[in-house]
Amino acid sequence: GELVYLTGRVGSGKSSFLRMLYADLPLEYGTAHVAGFELKDIKRSKIPMLRRKCGIAFQDFKLLTDRNVAENLRFVLRATGWKKSDIEKRVDEVLESVGMLHAKEKMPFHLSGGEQKRVVIARALLNTPDLIIADEPTANLDRDTARDIMTIFKDIQKICPIYKMRS
(Lines give C-alpha, C1' and ligand atoms only; values in the text may rest on other atoms or scores of the structure.)
Protein backbone atom coordinates (compact mmCIF):
# COMPACT_ATOMS: atom_id res chain seq x y z
CA GLY A 1 0.00 0.00 0.00
CA GLU A 2 2.93 2.38 -0.42
CA LEU A 3 3.03 5.56 -2.43
CA VAL A 4 6.66 6.10 -3.45
CA TYR A 5 8.14 9.09 -5.26
CA LEU A 6 11.27 8.84 -7.36
CA THR A 7 13.00 12.19 -7.72
CA GLY A 8 16.15 13.37 -9.43
CA ARG A 9 17.64 15.78 -11.91
CA VAL A 10 16.54 15.91 -15.54
CA GLY A 11 18.39 13.19 -17.43
CA SER A 12 19.32 11.21 -14.33
CA GLY A 13 17.49 8.08 -15.51
CA LYS A 14 14.16 8.20 -13.68
CA SER A 15 12.08 7.33 -16.74
CA SER A 16 14.62 4.71 -17.81
CA PHE A 17 14.42 3.13 -14.37
CA LEU A 18 10.62 3.01 -14.60
CA ARG A 19 10.83 1.49 -18.11
CA MET A 20 13.14 -1.18 -16.67
CA LEU A 21 10.48 -2.03 -14.06
CA TYR A 22 8.03 -3.12 -16.77
CA ALA A 23 10.76 -4.69 -18.96
CA ASP A 24 10.72 -2.06 -21.69
CA LEU A 25 14.46 -1.68 -21.06
CA PRO A 26 16.67 -4.61 -20.00
CA LEU A 27 18.11 -4.89 -16.51
CA GLU A 28 21.84 -4.97 -17.18
CA TYR A 29 23.26 -5.29 -13.65
CA GLY A 30 22.11 -6.80 -10.40
CA THR A 31 18.72 -8.32 -9.72
CA ALA A 32 15.21 -6.95 -9.52
CA HIS A 33 11.88 -8.59 -8.79
CA VAL A 34 8.67 -6.87 -9.90
CA ALA A 35 5.18 -8.29 -9.38
CA GLY A 36 6.59 -11.80 -9.00
CA PHE A 37 8.93 -11.64 -12.01
CA GLU A 38 12.73 -11.64 -12.01
CA LEU A 39 13.75 -8.94 -14.47
CA LYS A 40 17.38 -9.94 -15.12
CA ASP A 41 16.56 -12.88 -17.36
CA ILE A 42 12.86 -12.39 -18.09
CA LYS A 43 11.81 -14.19 -21.27
CA ARG A 44 10.10 -12.10 -23.95
CA SER A 45 7.07 -14.39 -23.70
CA LYS A 46 6.65 -13.44 -19.99
CA ILE A 47 6.77 -9.67 -20.50
CA PRO A 48 3.05 -9.35 -21.37
CA MET A 49 2.18 -11.19 -18.14
CA LEU A 50 4.41 -8.81 -16.15
CA ARG A 51 2.77 -5.80 -17.78
CA ARG A 52 -0.71 -7.09 -16.93
CA LYS A 53 0.32 -6.91 -13.29
CA CYS A 54 1.61 -3.34 -13.74
CA GLY A 55 -0.64 -0.40 -14.47
CA ILE A 56 1.45 2.05 -16.45
CA ALA A 57 0.61 5.75 -16.73
CA PHE A 58 2.93 7.03 -19.44
CA GLN A 59 4.32 10.55 -19.34
CA ASP A 60 3.33 11.13 -22.97
CA PHE A 61 -0.12 9.53 -22.54
CA LYS A 62 0.07 7.04 -25.47
CA LEU A 63 -3.67 7.37 -26.06
CA LEU A 64 -4.93 6.21 -29.44
CA THR A 65 -5.92 9.40 -31.23
CA ASP A 66 -8.31 7.70 -33.66
CA ARG A 67 -10.54 6.42 -30.81
CA ASN A 68 -12.54 8.11 -28.11
CA VAL A 69 -11.80 7.69 -24.41
CA ALA A 70 -14.05 4.65 -23.93
CA GLU A 71 -12.69 2.98 -27.07
CA ASN A 72 -9.13 3.48 -25.79
CA LEU A 73 -10.06 1.63 -22.61
CA ARG A 74 -12.10 -1.07 -24.35
CA PHE A 75 -9.12 -1.78 -26.59
CA VAL A 76 -6.95 -2.60 -23.56
CA LEU A 77 -9.62 -4.77 -21.96
CA ARG A 78 -10.19 -6.75 -25.15
CA ALA A 79 -6.43 -7.20 -25.58
CA THR A 80 -6.10 -8.55 -22.05
CA GLY A 81 -8.93 -11.06 -22.42
CA TRP A 82 -11.90 -9.46 -20.68
CA LYS A 83 -15.34 -10.86 -21.42
CA LYS A 84 -17.42 -8.64 -23.67
CA SER A 85 -20.18 -8.56 -21.04
CA ASP A 86 -17.82 -7.10 -18.38
CA ILE A 87 -15.99 -4.50 -20.48
CA GLU A 88 -18.49 -1.63 -20.37
CA LYS A 89 -18.96 -1.89 -16.62
CA ARG A 90 -15.20 -1.80 -16.05
CA VAL A 91 -14.75 1.18 -18.38
CA ASP A 92 -17.39 3.10 -16.41
CA GLU A 93 -15.84 2.09 -13.06
CA VAL A 94 -12.34 3.34 -13.84
CA LEU A 95 -13.54 6.51 -15.54
CA GLU A 96 -15.73 7.31 -12.56
CA SER A 97 -12.83 6.66 -10.18
CA VAL A 98 -10.79 9.41 -11.86
CA GLY A 99 -13.70 11.79 -12.40
CA MET A 100 -13.84 11.36 -16.17
CA LEU A 101 -17.07 9.45 -16.80
CA HIS A 102 -18.48 12.58 -18.46
CA ALA A 103 -15.71 12.40 -21.12
CA LYS A 104 -16.34 8.82 -22.15
CA GLU A 105 -17.25 9.67 -25.75
CA LYS A 106 -14.72 12.49 -26.22
CA MET A 107 -11.66 12.18 -28.41
CA PRO A 108 -8.31 12.51 -26.61
CA PHE A 109 -7.39 15.67 -28.53
CA HIS A 110 -10.54 17.35 -27.17
CA LEU A 111 -9.30 16.89 -23.59
CA SER A 112 -6.97 19.13 -21.60
CA GLY A 113 -3.61 17.77 -20.46
CA GLY A 114 -4.99 17.14 -16.97
CA GLU A 115 -7.99 15.29 -18.36
CA GLN A 116 -5.76 13.15 -20.56
CA LYS A 117 -3.65 12.28 -17.52
CA ARG A 118 -6.80 11.19 -15.69
CA VAL A 119 -7.72 8.94 -18.61
CA VAL A 120 -4.21 7.48 -18.61
CA ILE A 121 -4.56 6.74 -14.88
CA ALA A 122 -7.93 5.10 -15.57
CA ARG A 123 -6.27 2.95 -18.23
CA ALA A 124 -3.56 1.97 -15.73
CA LEU A 125 -6.26 0.83 -13.29
CA LEU A 126 -8.20 -1.35 -15.76
CA ASN A 127 -6.75 -4.72 -14.82
CA THR A 128 -6.51 -3.99 -11.06
CA PRO A 129 -2.72 -4.20 -11.17
CA ASP A 130 -0.44 -5.13 -8.29
CA LEU A 131 1.72 -2.11 -9.06
CA ILE A 132 1.00 1.27 -10.65
CA ILE A 133 3.91 3.00 -12.34
CA ALA A 134 3.31 6.65 -13.16
CA ASP A 135 5.99 8.54 -15.05
CA GLU A 136 5.79 12.23 -14.10
CA PRO A 137 2.03 12.16 -13.49
CA THR A 138 1.94 15.86 -12.59
CA ALA A 139 4.38 17.22 -15.19
CA ASN A 140 3.20 20.24 -17.17
CA LEU A 141 0.10 20.70 -15.03
CA ASP A 142 -0.94 23.73 -13.05
CA ARG A 143 -0.75 23.42 -9.27
CA ASP A 144 -4.47 22.72 -8.75
CA THR A 145 -4.64 20.03 -11.45
CA ALA A 146 -1.43 18.44 -10.16
CA ARG A 147 -2.95 18.35 -6.68
CA ASP A 148 -6.10 16.71 -8.11
CA ILE A 149 -3.99 14.03 -9.84
CA MET A 150 -2.12 13.25 -6.61
CA THR A 151 -5.43 13.12 -4.75
CA ILE A 152 -6.56 10.44 -7.21
CA PHE A 153 -3.48 8.36 -6.37
CA LYS A 154 -4.01 8.84 -2.64
CA ASP A 155 -7.70 7.90 -2.98
CA ILE A 156 -6.77 4.75 -4.89
CA GLN A 157 -4.28 3.90 -2.17
CA LYS A 158 -6.92 4.39 0.56
CA ILE A 159 -9.68 2.50 -1.23
CA CYS A 160 -7.48 -0.31 -2.53
CA PRO A 161 -4.58 -0.88 -0.14
CA ILE A 162 -3.45 -3.73 -2.42
CA TYR A 163 -1.95 -1.09 -4.73
CA LYS A 164 1.71 -0.37 -4.46
CA MET A 165 2.25 2.83 -6.40
CA ARG A 166 5.47 4.07 -7.90
CA SER A 167 5.78 7.59 -9.18
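From a predicted model like this one, the values you see are computed outputs, not experimental measurements. (Residues numbered from 1 in each chain as written. Predicted model: local features only at pLDDT ≥ 70, side-chain atom pairs only at ≥ 80, totals over all residues. Heavy atoms only, no water.)

Participant: Give a detailed account of the packing of aromatic side chains, specifying residues and quantitative values.
Facilitator: Per the stated rule, a full pass over the model turns up 1 aromatic pair. Relative to Phe58, the ring of Tyr22 lies with its centre 6.0 Å away and its plane at 90°, an arrangement referred to as edge-to-face. One end of the pair, Tyr22, is in the loop between α1 (14-21) and β2 (33-34); the other, Phe58, is in the loop between β4 (54-57) and α3 (69-79), and 36 residues separate them in sequence. Since its relative accessible area comes to 7%, Tyr22 is described here as buried. Taking the relative accessible area as the measure of exposure, Phe58 reaches 23% and is therefore partly exposed. Its guanidinium or amino end placed over the ring of Phe58, Lys62 lies 5.4 Å from that ring's centre, counting from NZ or CZ. (Phe/Tyr/Trp six-rings, centres within 6.5 Å; stacked < 30°, edge-to-face > 60°. Helix = DSSP H or I, 4+ residues; strand = E, 2+ residues; numbered from the N terminus. Buried < 20%, exposed > 50% of the residue type's maximum accessible area, 1.4 Å probe, protein only. Lys NZ or Arg CZ within 6 Å of the ring centre and 35° of its normal.)

Participant: So what's going on with the side chain of Asn68? Residues and values would help.
Facilitator: Tracing the chain through its elements places Asn68 in the loop between β4 and α3. Within polar-contact distance, the side chain of Asn68 engages the backbone nitrogen of Ala70 at 3.1 Å. Excluding anything up to four places from it in sequence, Asn68 contacts Lys104, Glu105, Lys106, Met107 and Pro108. (Polar contact = N/O pair within 3.5 Å; in protein donor to acceptor, adjacent residues only side chain to side chain. Contact = heavy atoms within 4.5 Å.)

Participant: Give me the lowdown on the packing of α3 against helix α5 (residues 113-125), citing residues and values where you can.
Facilitator: In contact at an axis separation of 10 Å, α3 and α5 are set at 25° when each is read in the N-to-C sense. With respect to their mutual orientation, α3 and α5 come out roughly parallel. Like other packed secondary-structure pairs, α3 and α5 cross with a definite hand, here right-handed. Contact residues: Val69, Leu73 and Val76 in α3; Val119, Ala122 and Arg123 in α5. Per-class residue counts for the contact of α3 with α5 are 5 nonpolar, no polar and 1 charged. (Axes fitted to C-alpha atoms, helices over the stretch in contact; angles between N-to-C directions. Parallel < 35°, antiparallel > 145°, perpendicular 65-115°, else oblique. Left-handed = near helix turned anticlockwise from the far one by under 90°. Nonpolar A, V, L, I, M, F, W, Y, C, P; charged D, E, K, R; others polar.)

Honestly, that's just the spatial picture; any functional story needs more than this.
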